[in-house]
Amino acid sequence: MPVVKVKGTESFENALRRFKKQCEREGVLSEIKKREHYDKPSVRRKKKAIAARKKTIKRVRY
């Protein structure tokens, strides 16, 4: 969990901005989205295979 200590003269907006950046760096929001619903292992494998196929097609194209 990210922790941000507010400095003496720092405004709340700046501290909030630092907190949001720290959350983004640590991947908190992506982890929440990933855990939002359950995917069966078979569905996960299928999505991974489709993503790999798309990636190779893009690589070949350029």
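In case you missed it, the structure is sitting above this.
Residues numbered from 1 in each chain as written. Predicted model: local features only at pLDDT ≥ 70, side-chain atom pairs only at ≥ 80, totals over all residues. Heavy atoms only, no water.

Novice: Sorry if this is basic, but what is going on with the overall build of the protein here?
Specialist: Secondary structure summary: the protein contains 3 helices and 0 strands in total. Mapped in sequence order, the helices and strands of the protein form the string α-α-α. A compact globule built from 62 residues would reach a C-alpha radius of gyration of about 11 Å, whereas the protein, at 19 Å, exceeds it by more than 25%. Along the first, second and third principal axes, the C-alpha atoms of the protein reach 50 × 35 × 15 Å. Of all 62 residues assigned to the protein, the portion counted as buried reaches 10%. On the protein, roughly 6,300 Å² of surface is accessible, and the fraction owed to carbon and sulfur atoms is 58%. (Helix = DSSP H or I, 4+ residues; strand = E, 2+ residues; numbered from the N terminus. Rg over C-alpha atoms; globule rule 2.2 N^0.38 Å. Buried < 20%, exposed > 50% of the residue type's maximum accessible area, 1.4 Å probe, protein only. Areas by Shrake-Rupley, 256 points an atom, 1.4 Å probe, with all protein chains shown as cover.)

Novice: Would you explain helix α1 (residues 12-26) in this entry?
Specialist: Structural remark: α-helix, 3.6 residues per turn; residues separated by three or four positions point the same way. Between the first and last C-alpha of α1 there are 21 Å, a value that for 15 residues agrees with the 21 Å anticipated at 1.5 Å per step. Positive backbone phi, approximately 75 degrees, marks Gly27, located one or two places after α1. (Expected span 1.5 Å × (residues − 1).)

Novice: Is there a simple way to explain the pattern of salt bridges in this structure?
Specialist: In this structure the tally under the stated criterion is 4 salt bridges. The salt bridge involving Lys34 is made with Glu31; its shortest N-O contact spans 3.7 Å. In this pair, Lys34 and Glu31 are both assigned in helix α2 (residues 28-35), 3 residues apart and thus about one turn of the helix distant. When the shortest N-O distance is used, the salt bridge between Asp39 and Lys47 registers 3.3 Å. Judged by relative accessible area, which is 47%, Lys47 ranks as partly exposed. Linked by salt bridges that have partners in common, Glu31, Lys34 and Arg35 make up one network. (Salt bridge = Lys/Arg side-chain N within 4 Å of Asp/Glu carboxyl O.)

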